[in-house]
Amino acid sequence: MTQDVEMKEQPEQPTPSSSLTSPSPSTLQCLKDIAALIETGAYTREVRRIVRAIRWTIQLRKNLKASVLSAFLNFALVPGSDVHSRLSSYVPKEDGHDMEVDSATSAPTKHSLPELEIFCYLVVLIFLIDQKRYSEAKACSSGGIARLRNLNRRTVDVLASRLYYYYSLSYELTGDLAEIRGNLLALHRTATLRHDELGQETLLNLLLRNYLHYNLYDQAEKLRSKAPRFEAHSNQQFCRYLFYLGKIRTIQLEYTDAKESLLQAARKAPISALGFRVQCNKWAVIVRLLLGEIPERTVFMQKGMEKALRPYFELTNAVRIGDLELFKSVAEKFATTFSSDGTKNLIVRLRHNVIRTGLRNISISYSKISLVDVAKKLRLDSPNPIADAESIVSKAIRDGAIDATLDHANGWMLSKETGDIYSTNEPQIAFNSRIAFCLNMHNEAVRALRFPPNSHKEKESAEKRRERQLQEQELAKHIAEEDDDEF
């Protein structure tokens, strides 16, 4: 994907772009053009062509029909071969006139490339998942994975990473995700030995998702810490990794690192990946509340997220006010939503933050207040509220949450006079965090820069400059239109 700028495109090679942009393109013809593009990429060992073929395949996903797939399998594979027979068995037979015409006008190839075989597995698997035929999708994906084990070609890596994803998805949709954990570990080990970094990225995320699906956070962290690290090749996979890392860090009470990972995942995710960004924001809101921060209102008013983030907005409002009764009512009202999001256990942790926020508001409002009144204002419903209030106040004083003293003999909380915040280190800490964020953003932007080879030695002509600019515009367009199917 990063080689679109570096490698020059051959103008004489036909691509599916013309057929995709024509007024009435044929789905079968587009698939044939994509197959030709994959074949060219396999022979010339240009991975970028196969990446482009995958993008165009996702665009055709809604137009896939049984008749079109049957005709395409007859075109791309050798009729009567094992692969052809196996894949054709998953496609229902339809007596369509279009299929007869297309299959009659296309002569089958003499020998199928491994890349074309894997691509046919991928197209059939996508069709089965869209048709909700999950049992057949499991069998088809297992056959494709078995075929991949015997292939060690760099031009197959991109197709393999997509097949890994749908392989895991088909088992997840049937509730059998635990069955393939051993296979995913074996595939990850094979990808590591073959230096397939894109496959390692994809399989690592699938394994983390597998572990987190069953709340196996310790095993997920052990795998993540011992897995080999390298520069990210796919923005989608890197976003997924940051999200899973943020969830692991949250469970491990490392809220600062979790907040950074979750916010970075939400920022890097494509705009079209709305569901993924919603999940990132849900976890980020909880983590910020656990850190004692109050998220801004604009977080909950992002386009397309207002309804999904409404429960978390009301929860944030309860924490901000420090009202324990309101917090309990919100938690009970949206208990089903919090359970489905996997944040219910984290919300239980927020009770202490609600009490501390309420205590901070009391210490600011009153210079002297009895522990009985503190217990009433905090609405503590324990058997001995005064003792609990004293314990909460003493712990808050020890942790530095409030600036006060405790008169145990008389049962009073004495708040100290609020000083000038600018005479403390708070402004310095706030500015330091902002400067660190800007520096990290600058460093990531510098690392993401790509330059044509030998650009400092050769002076490009006007024609080459126009060609390079067109390639850069095409790459930027594809990055901006990242498919939400990745998420």
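All values derive from a computational prediction rather than experimental measurement.

## So, the overall build of the protein chain
Looking only at helices and strands, the protein chain features 24 helices and three strands. Within the protein chain, contacts between residues separated by at least 24 positions form 68% of all contacts whose residues are at least 6 apart in sequence. When the accessible surface of the protein chain is totalled, it reaches about 25700 Å², and 52% of it is carbon and sulfur.

## Examining helix 4 (residues 66–76)
When you tally the buried positions in helix 4, you get nine out of eleven residues, the bulk of the element. Among the residues of helix 4, Ala66, Ser67, Val68, Leu69, Ser70, Ala71, Phe72, Leu73 and Ala76 are the ones counted as buried.

## Comments concerning the environment of Thr40
Examined against the element boundaries, Thr40 turns out to sit in helix 2 (residues 27–44). Taking C-alpha positions, Thr40 is 8.8 Å from Ile50, a pair spaced ten residues apart along the chain.

## Details of the pattern of salt bridges
A side chain of one charge can pair with a side chain of the opposite charge when the charged atoms of the two come close. Applying the stated criterion to the full structure yields 15 salt bridges. Two residues, Arg147 and Glu117, come together in a salt bridge whose shortest N-O distance is 2.8 Å. With Arg147 in helix 8 (residues 134–148) and Glu117 in helix 7 (residues 114–130), this pair connects stretches of sequence that are 30 residues apart. We classify Arg147 as partly exposed; its relative accessible area is 22%.

## Some words on the pairing of strand 3 (residues 412–415)
Residues Met413 and Ser415 of strand 3 are buried on one face, while the alternating residues Trp412 and Leu414, pointing to the opposite face, are not. In the sheet, strand 1 (residues 368–370) pairs with strand 3 via three bridges, with the strands oriented antiparallel. From the neighbouring strand, Lys368 faces strand 3, where its bridge partner is Leu414. Where strand 2 (residues 404–407) and strand 3 come together, four bridges link them in antiparallel fashion. Bridge pairing in strand 3 links Ala404 to Ser415. As consecutive antiparallel partners, strand 2 and strand 3 are separated by four residues, and within that stretch Gly411 has a phi angle of approximately 70°, a positive value.

## Looking at the nonpolar core
Counting residues in each nonpolar core, the largest one holds 133 residues, and the members touching the most others are Leu87, Leu148, Tyr166 and Phe327. Ranked by residues supplied to this core, first place goes to helix 7 with 13 residues. The residues contacting Phe327, other than those within four sequence positions of it, are Leu315, Ala318, Val319, Ile347, Leu350, Arg351 and Val354.

## Concerning the confidence of the model for the protein chain
Averaged over all residues, the pLDDT of the protein chain equals 78, while 84% of them reach at least 70. In the model, residues 1–24 has pLDDT below 50 throughout and makes 52 contacts with residues more than four positions away in sequence or in other chains. Considering only residues more than four positions removed or in separate chains, one finds that residues 96–110, a stretch of pLDDT under 50, has 19 contacts.

## Comments concerning unusual backbone geometry
Even without being a glycine, Lys132 presents a positive backbone phi close to 60°. Counting through the fold element by element, Lys132 comes out in the loop between helix 7 and helix 8. Of note, the phi angle at Asn215 is positive, near 60°, even though the residue is not glycine.

## Things to note about the packing of helix 7 against helix 9 (residues 157–173)
Orientation of helix 7 relative to helix 9, taken along the N-to-C sense of each, is 30°, at an axis distance of 10 Å. Taken as axis vectors, helix 7 and helix 9 run roughly parallel relative to one another. Relative to helix 9, helix 7 is oriented so that their crossing is left-handed. Residue-level contacts link Glu115, Ile118, Phe119, Leu122, Leu125, Ile126 and Ile129 of helix 7 to Leu159, Arg162, Leu163, Tyr166, Tyr167, Leu169 and Leu173 of helix 9. Of the residues belonging to the contact of helix 7 with helix 9, the class tally is twelve nonpolar, no polar and two charged.

## Overview of the packing of aromatic side chains
According to the stated counting rule, one finds eight aromatic pairs in the structure shown. When the centroid spacing of 5.2 Å and the interplanar angle of 70° are considered together, the rings of Tyr312 and Phe338 count as edge-to-face. Within this pair, whereas Tyr312 is found in helix 17 (residues 310–321), its partner Phe338 is found in helix 19 (residues 335–341), the two being separated by 26 residues in sequence. Over the aromatic face of Phe75 sits the side chain of Lys32, whose NZ or CZ is 5.2 Å from the ring centroid.

## A closer look at helix 11 (residues 197–213)
Across its 17 residues, helix 11 extends 24 Å between first and last C-alpha, which sits within 8% of the 24 Å expected from 1.5 Å per residue. For helix 11, a buried count of 14 out of 17 residues is recorded, marking the element as mostly surrounded by other parts of the structure. Asn215 occupies a position one or two residues after helix 11 and carries a positive phi of about 60°.

## Looking at the sheet that holds strand 2
Taken together, three strands build an open sheet; the order of strands is 1-3-2 and the sheet is antiparallel. Each edge of the open sheet carries a strand with a single partner, namely strand 1 and strand 2. The average undirected angle you get between the axes of adjacent strands in this sheet is 20°. Helix-sheet contacts for helix 21 (residues 371–378) involve strand 1, strand 2 and strand 3, and the interaxial angle to strand 1 is about 80°.

## Describing a nonpolar patch on the surface
A cluster of nonpolar side chains, Phe431, Ile435 and Leu439, forms an exposed patch at the surface whose accessible area comes to about 320 Å². Mapped onto the fold, Ile435 is located in helix 23 (residues 426–447).

## A short note on the packing of helix 8 against helix 9
Where helix 8 meets helix 9, the axes come as close as 9 Å, and the angle between the chain directions of the two elements is 145°. Considering how the two elements wind past one another, helix 8 and helix 9 form a crossing that is left-handed. Facing helix 8, whose interface residues are Tyr134, Ala137, Lys138, Ser141, Ser142, Gly144, Ile145 and Leu148, helix 9 presents Ala160, Leu163, Tyr164, Tyr167, Ser170, Tyr171 and Leu173. Taken together, the residues that form the contact of helix 8 with helix 9 break down as ten nonpolar, four polar and one charged.

How each quantity is defined
- Within any chain, residue numbers begin from 1 and follow the written order of that chain's sequence.
- It should be noted that, the model being predicted, local features are given only for residues of pLDDT at least 70 and side-chain atom pairs only at 80 or more, the latter also being counted only at that level, while totals for whole chains, interfaces and linings use all residues.
- The basis for every side-chain value is the complete set of non-hydrogen atoms in the structure, without hydrogens or water.
- Helix numbering and strand numbering both begin at the N terminus, where a helix is a DSSP run of H or I of at least 4 residues and a strand a DSSP run of E of at least 2.
- Should any heavy atoms of two residues lie within 4.5 Å, those residues are counted as being in contact.
- Values of accessible area rely on a 1.4 Å probe in the Shrake-Rupley scheme; residue burial ignores everything except the protein chains shown.
- Type-normalised accessible area, obtained with a 1.4 Å probe on protein chains alone, sets the label of each residue: buried when under 20%, exposed when over 50%, and partly exposed for intermediate values.
- By definition here, a salt bridge exists when the distance from a side-chain nitrogen of Lys or Arg to a carboxyl oxygen of Asp or Glu is within 4 Å.
- In this description, strands pair whenever DSSP reports at least two bridges between them.
- Grouping buried Ala, Val, Leu, Ile, Met, Phe, Trp, Tyr and Cys residues that are joined through side-chain atoms within 4.5 Å yields what is termed a nonpolar core.
- Residue-level confidence of the predictor is summarised by pLDDT, bounded by 0 at the bottom and 100 at the top.
- All axes here are fitted lines through C-alpha atoms, helices being fitted over the stretch that makes contact, and every angle between N-to-C directions spans 0 to 180 degrees.
- For classification purposes, angles smaller than 35 degrees are called roughly parallel, those larger than 145 roughly antiparallel, those between 65 and 115 roughly perpendicular, and all remaining angles oblique.
- A clockwise turn of the near helix away from the far one marks a right-handed crossing, whereas an anticlockwise turn of less than a right angle marks a left-handed crossing.
- Only Asp, Glu, Lys and Arg are considered charged, only Ala, Val, Leu, Ile, Met, Phe, Trp, Tyr, Cys and Pro nonpolar, and every remaining residue, Gly among them, polar.
- Stacked, tilted and edge-to-face are the three classes applied to pairs of Phe, Tyr and Trp rings, where Trp contributes its six-membered ring and a pair requires centres within 6.5 Å; stacked means planes under 30 degrees apart, edge-to-face means over 60, and tilted covers the rest.
- Only when the NZ atom of a Lys or the CZ atom of an Arg is both within 6 Å of the ring centre and within 35 degrees of the ring normal do we say a charge sits over the ring.
- To estimate how far a helix should reach, multiply one less than its number of residues by 1.5 Å.
- Surface patches are drawn from residues lacking salt bridges whose relative accessible area is over 30%; two like charges belong together within 9 Å, two nonpolar side chains (Val, Leu, Ile, Met, Phe, Trp, Tyr) within 5 Å.

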